[in-house]
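Topology and contacts: notes
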Amino acid sequence: MKHQLLITTNKDRASCAGRKNLEPSLTRRWHLAEISNTEAQEEIKKEPEKPIDREKTCPLLLRVFTTNSGRHHRVDEFARGNVPSSELQIYTWMDATLKELTSLVKEVYPEARKKGTYFSFAIVYPDPRGKMLKEIGSTVSGRKGADDSMTLQSQRFQIGDYLDIAITPPNRAPPLGTRMRPF
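About the cut-offs
Residues numbered from 1 in each chain as written. Predicted model: local features only at pLDDT ≥ 70, side-chain atom pairs only at ≥ 80, totals over all residues. Heavy atoms only, no water. UniProt positions renumbered as here; feature names shortened; annotations may be inferred. Helix = DSSP H or I, 4+ residues; strand = E, 2+ residues; numbered from the N terminus. Buried < 20%, exposed > 50% of the residue type's maximum accessible area, 1.4 Å probe, protein only. Contact = heavy atoms within 4.5 Å. Pairing = 2+ DSSP bridges. Axes fitted to C-alpha atoms, helices over the stretch in contact; angles between N-to-C directions. Core = buried A, V, L, I, M, F, W, Y, C linked by side-chain atoms within 4.5 Å.

As annotated in an unreviewed UniProt entry, the chain is Histone deacetylase complex subunit SAP18 from Haplochromis burtoni. Its UniProt record gives the chain the following Sequence similarities (unreviewed entry) comment, quoted word for word: "Belongs to the SAP18 family."

Set out below in structure tokens:
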């Protein structure tokens, strides 16, 4: 499966820095590159994260939407300025890990504190075709996992994006995929 990745060079960034009147996103020259899905994941992991000093950096408002059905919200629930009713507002930083976000959600939802509860994370972001949903990882209460240390920054979360969390109780198996169909 091929994806297009937008790449900019340091030279492009430097040329934008001197222009004060124009929005940086409008002055950048972007280069498109065709890469495979695995190459895209490797590129995301290779990008070094800038350390964030939480004492000096202002937190961002993270709008989190949860479901207890084990499935993410449908993308159309975020269309035309609408949002699902199950919203949590969390002040956090771009270096927040999925495990850290899991613990914050568990503070609000006591039923999610049970050992073995499955949390599936997805970013909901704007796209010219409407809102898009990208699954980024999962955690399990009481167990260590590969995605525990994944950060919002590493998954290219941008301020203004939403986070959708599908919570599955321990007595039900986590869904194989959010795109499953009954037929």
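Along the chain, the regular secondary structure elements total four helices and seven strands. Put simply, the chain runs from its N terminus to its C terminus through helices and strands in the order β-α-α-β-α-β-β-α-β-β-β. Counting across all 183 residues of the chain, residues that qualify as buried make up 35%. Excluding contacts between residues fewer than 6 apart, the proportion of contacts in the chain whose partners are at least 24 apart in sequence is 69%.

Trans is the prevailing form of peptide bonds, just as negative phi is the prevailing case for residues other than glycine. A positive phi angle, close to 50°, is found at Arg 80, a residue other than glycine. By the secondary structure assignment, Arg 80 is in the loop between strand E3 (60-67) and strand E4 (87-92). Within the chain, Arg 156 stands out as a residue other than glycine whose phi angle is a positive 65°. Note on placement: Arg 156 falls in the loop between strand E6 (130-140) and strand E7 (162-168).

Right, let's talk about the sheet that holds E7 for a bit. As summarised here, the arrangement of the five strands in space is E4-E3-E7-E5-E6, forming an open sheet in which the pairing is mixed. The sheet is open, and its two edges are formed by E4 and E6, each paired on a single side. Across the sheet, the axes of successive neighbouring strands diverge by a mean angle of 30°, strand direction being ignored. Against the sheet, helix H4 (residues 98-108) contacts E3, E4, strand E5 (118-127), E6 and E7, and its axis sits at roughly 90° relative to E6.

We now examine the nonpolar core. The biggest cluster of nonpolar side chains holds 22 residues, and the ones touching the most others in it are Leu 62, Leu 101, Phe 121, Leu 163 and Ile 165. At the level of elements, E3, E4, H4, E5 and E7 are the ones that each hand at least two residues to this core. Setting aside anything within four residues of it in sequence, one finds Ile 165 in contact with Val 64, Phe 65, Thr 66, Thr 67, His 72, Val 105, Phe 119, Ser 120 and Phe 121. Formed by six residues, the second largest nonpolar core is a distinct cluster that contains Phe 65, Phe 78, Ala 122 and Leu 133.

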